[in-house]
Amino acid sequence: MTSDPYQTKRGERDRSITREPPHRIGDPVGTHGPTSRPEGEHPFLIGEAMTGGYGMGADILHDCTIAVEPGEIAVIVGPNGAGKSTAMKAVFGMLNLRKGRVLLDGEDITHLSPQDRVAKGMGFVPQTSNIFTSMTVEENLEMGAFIREDDFRPTMEQVYDLFPILKEKRRQPAGELSGGQRQQVAVGRALMTKPKVLMLDEPTAGVSPIVMDELFDRIIEVSRTGIPILMVEQNARQALAIADKGYVLVQGRNGYTGTGRELLEDPEVRRSFLGG
Ligand SMILES: Nc1ncnc2c1ncn2[C@@H]1O[C@H](COP(=O)(O)OP(=O)(O)OP(=O)(O)O)[C@@H](O)[C@H]1O
Ligand SMILES: [Mg+2]
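This section reports on the structure supplied with the text.

Parameters and conventions
- Residues numbered from 1 in each chain as written.
- Chains lettered and ligands numbered in written order.
- Predicted model: local features only at pLDDT ≥ 70, side-chain atom pairs only at ≥ 80, totals over all residues.
- Buried ≥ 20, exposed ≤ 12 C-beta atoms within 10 Å, placed from the backbone.
- Helix = DSSP H or I, 4+ residues; strand = E, 2+ residues; numbered from the N terminus.
- Pairing = 2+ DSSP bridges.
- Right-handed = clockwise from strand over helix to strand, strands pointing away.
- Axes fitted to C-alpha atoms, helices over the stretch in contact; angles between N-to-C directions.
- Contact = placed C-beta atoms within 7 Å.
- Arc of directions from axis to C-beta.

### What to know about the pairing of strand β7 (residues 197-201)
- Of all five residues in β7, five are buried, a share of seventy percent or more.
- Here four bridges tie strand β6 (residues 122-125) to β7, and the two strands are oriented parallel to one another. When the bridges of β7 are listed, G123 appears paired with L198.
- Looking at chain direction, β7 and strand β8 (residues 229-232) are connected through four bridges and run parallel. Of the residues in β8, the one forming a bridge with L198 is I229.
- Crossover handedness for the path β7 to helix α7 (residues 209-224) to β8: right-handed.

Here it is in structure tokens:
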């Protein structure tokens, strides 16, 4: 973890890895806490009042809202089966919503396919099967650039700068890498699309505490380049410590919402979801 857990210096790095900085209203990048917006304005990415489930099955999400503002890291936590991954999939267009909508930079994208959402600037790293194990690290990154027609080499160099171990292992099948390195491949692959917003579902699943800290540092670094990050995390305390905004989902509903700090200090949240 860095010596600056609340990321007061966020925003100082170059932002060339992203396309253009998201349309920004209110606070500049680097300010801790959710950005305040004028009435009628929407966050950069929002899944708003989402209700729906899988196929013809029962609803999993009930009026669930998750959002991220420019310059923010927003973190979703909650018990197993709470619907965190389902909420992420809904925002990415992998679920038919019965109610609610998804807005990206003010545009209603509720009815777009996941592929069209990628073209609009959404990068998504799912919880499982997020790399091609038989392909090399570099081939995985190339797959990430599939929608691009411009030269993606500079982006690949930026990914290698962010995750130097991937450059070292670029000719190795991704399936031979450690858990933490695979997650770097998955995040790197998403970055290859030059996303305007990055969605990560449990990027630190199954890694040691040291590797988790390193991954969080890299995620903070990505956010400093100007890419808002919406992520689900099992390591709730650590993730809320770096979060500008946090959501506790409970049975498909918004249980608690606040700044990362507010949630960490909330006695009820601590008792019920953070182990005291
Ligand atoms: N593909 C699917 N088809 C049908 N039901 C599903 C599917 N995926 C998840 N579910 C159900 O949706 C509910 C929420 O699951 P989800 O995976 O979103 O939870 P989660 O909060 O991400 O849990 P975890 O912490 O274990 O990742 C669970 O009851 C689960 O059984
Ligand atoms: Mg999940």
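After that view, the rundown keeps rolling.
### Some remarks on the sheet that holds strand β3 (residues 73-77)
- Overall, mixed pairing links the six strands, which are arranged β6-β7-β8-β3-β9-β10 in an open sheet. Unpaired on one side and paired on the other, β6 and β10 (253-258) mark the two borders of the sheet. Within the sheet, the average angular offset between the axes of one strand and its neighbour, ignoring direction, is 15°.
- Sheet topology places strand β9 (residues 245-250) next to β10; five bridges connect them, and they run antiparallel. Looking across to β10, one finds that V248 is bridged to Y256.
- Docked against the sheet, helix α1 (residues 84-92) engages β3, β6, β7, β8 and β9, running at close to 150° with respect to β7.
- With respect to the sheet, helix α6 (residues 179-191) is in contact with β6 and β7, its orientation differing from that of β6 by roughly 165°.

### Considerations on helix α3 (residues 137-144)
- Of all the positions in α3, only V137, E138, N140, L141 and G144 are classed as buried. In an axial view of α3, the angular spread of the buried residues amounts to 155°, which keeps them on one side of the axis.
- Of the surrounding secondary structure, the elements contacted by the buried residues of α3 are α4 (153-162), α5 (164-168) and α6.

### What to know about the sheet that holds strand β1 (residues 45-53)
- If you walk across this open sheet you meet the four strands as β2-β1-β4-β5, and the pairing is antiparallel. In this open sheet, the two strands that pair with only one neighbour each are β2 (59-68) and β5 (107-108).
- This element, α1, spans β1, β2 and β4 (97-104) of the sheet and lies at about 70° to β2.

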